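Structural features, examined
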Amino acid sequence: MKKLILTALLMAAACISGCGEEQGSVEKAGISTTEQVDQAANEAKESLGDSVSLPSESVVKVMADTWNAAGSDDVYVLEEDGTGTKNGEPFTFECGFDDENHITLHIVMTDTEEEELYALSTDTTGYGVNLTALDGGDDLLLLPADITLLDLSDERVSAILGEWSDGNGNTYTFKDDNTMVIDDSETKTEGTYSVAENSEGTCLLKIVVEGGALEFEYNLNAEGTEMDLQSPGTTTVHHWTKE
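Quantities reported herein were computed from a predicted structural model and do not represent experimental measurements. (Residues numbered from 1 in each chain as written. Predicted model: local features only at pLDDT ≥ 70, side-chain atom pairs only at ≥ 80, totals over all residues. Heavy atoms only, no water.)

**Here's the deal with the overall build of the chain**
For clarity, the threshold we go by: A helix here means a DSSP run of H or I that spans at least four residues, while a strand means a run of E at least two residues long, and both kinds are numbered starting from the N terminus. Any two residues having at least one pair of non-hydrogen atoms within 4.5 Å are treated as being in contact. Only the protein chains shown count as covering a residue, and every accessible area follows the Shrake-Rupley method with a 1.4 Å probe.
Helix and strand counts for the chain come out as four helices and 17 strands. Of all intrachain contacts in the chain linking residues separated by at least 6 positions in sequence, the fraction that spans at least 24 positions is 40%. Summed over all atoms, the accessible surface of the chain reaches about 12,900 Å², with 46% contributed by carbon and sulfur.

In structure tokens, the structure reads:
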């Protein structure tokens, strides 16, 4: 469930903090506005109830997981209490916002007091998190340790390519560059998609469009002409037919 809401929660946090910049505009760290953002949310608790988390706390909860750094052997483990490890070395961290419209992750290594400061954004797969260095360090792409992304060399991915219909007038076209188009006969929505396998061996299809993401467990028939999709944690099964 945590992976499922990652994109939505980071987008929601971006809206709260006024984030609207394109990823390419991330250049430097500004003055922290975390306190002001949390204060505004704290005032809203009077009507929403004490169970509502502050924006900075919500980002921490989403990031609390085990992550592999793409292209390296580095493993980051982040806990909900703001502690973690990098390759077994302890650190503390906090998430927040700054006046340059970044959602931020600030790491301080416990033994060396070395600091790392990043801007957070979701990647095009919907599973990873881009960490853009705001302190002159290296950019990172963190991927969930319990998710393996699949590519076109896997028949479970290649079988999805093409146009599918859900029987309600909607079509879904998947291309070999991991882009896709949803056509409801009135509007066309462009997005990206990825196929992954979780630690339990379940195949997952994630569709990322502006404003959010959808994730499905899916099964193809032997001929690759019929596909059943079901969102994790739900009982509704969607049936698609290949055009």
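**Things to note about the pairing of strand 11 (residues 171-174)**
Selection rule: We treat two strands as partners when DSSP finds at least two bridges between them.
The pairing of strand 10 (residues 162-165) with strand 11 spans four bridges and is antiparallel. By the bridge assignment, Glu163 is partnered in strand 11 with Thr173. Hairpin connection, strand 10 to strand 11: the antiparallel pair is bridged by five residues, and Gly167 has positive phi, about 80°. Judged from the four bridges that link them, strand 11 and strand 12 (residues 179-183) form a sheet pairing that is antiparallel.

**Points about a negative patch on the surface**
As a reminder of what qualifies: Here a patch means residues that are over 30% exposed by relative accessible area and free of salt bridges, tied together within 9 Å if like-charged and within 5 Å if nonpolar (Val, Leu, Ile, Met, Phe, Trp, Tyr). For salt bridges, the criterion is a side-chain nitrogen of Lys or Arg within 4 Å of an Asp or Glu carboxyl oxygen. Charged residues are defined here as Lys and Arg on the positive side and Asp and Glu on the negative side; His and the ends of the chain fall outside this count. A charged residue contributes its charge at one atom only: NZ of Lys, CZ of Arg, CG of Asp or CD of Glu. Three labels apply to residues, based on accessible area from a 1.4 Å probe with only protein chains included: buried if under 20% of the type maximum, exposed if over 50%, partly exposed otherwise in between.
Among the surface-exposed residues, Glu113, Glu114, Glu115 and Asp135 lie close enough to one another that they form a single negatively charged patch. Its location among the elements puts Glu114 in the loop between strand 5 (103-109) and strand 6 (115-122). Owing to a relative accessible area of 48%, Glu114 belongs among the partly exposed residues under this scheme.

**Regarding the nonpolar core**
Where we set the bar: For the purposes of this section, nonpolar cores are sets of buried Ala, Val, Leu, Ile, Met, Phe, Trp, Tyr and Cys residues that join through side-chain atoms within 4.5 Å.
Counting 22 residues, the largest nonpolar core has Met63, Tyr76, Leu78, Phe93, Leu105, Leu120 and Leu131 as its most contacted members. The set of elements that each furnish at least two residues to this core consists of helix 3 (55-63), strand 1 (66-69), strand 2 (75-78), strand 4 (89-97), strand 5, strand 6, strand 7 (129-133) and strand 8 (140-144). Here Leu78 is in contact with Met63, Ala64, Asp65, Trp67, Thr83, Gly84, Phe91, Phe93 and Leu105, once residues within four sequence places are set aside. By size, the runner-up hydrophobic cluster in this structure holds 17 residues, among which are Ile160, Val195, Phe216 and Trp240.

**A few points about the pattern of salt bridges**
Between side chains of opposite charge, pairing is possible as soon as their charged atoms come close. One pass over the full model with this rule turns up three salt bridges. The partner of Arg156 in a salt bridge is Asp154, and the shortest N-O contact between them spans 2.8 Å. Across the pair Glu197 and Arg156 runs a salt bridge, and its minimum N-O distance is 3.1 Å. Here the residue Glu197 occupies a position in strand 13 (residues 188-198), and Arg156 occupies one in helix 4 (residues 155-158), the gap between them amounting to 41 residues. What makes Glu197 partly exposed here is its relative accessible area of 24%. A single network of salt bridges, built from pairs that share partners, joins Asp154, Arg156 and Glu197.

**A few points about the pairing of strand 13**
Two strands pair when backbone bridges link them, and strand 9 (residues 147-150) and strand 13 are joined in this way by four bridges, in the antiparallel orientation. Counterpart to Leu149 in the pairing with strand 13 is Ala196. Bridge count between strand 12 and strand 13: five bridges; the pairing is antiparallel. The residue bridging Asp183 from the neighbouring strand is Lys188, located in strand 13.

**What to know about unusual backbone geometry**
In this model, Asn87 sits at a positive phi of 55°, which is unusual for a non-glycine residue. Tracing the sequence through the fold places Asn87 in the loop between strand 3 (83-86) and strand 4. The phi dihedral of Asn178 is positive, around 65°, even though this residue is not glycine. Tracing the chain through its elements places Asn178 in the loop between strand 11 and strand 12.

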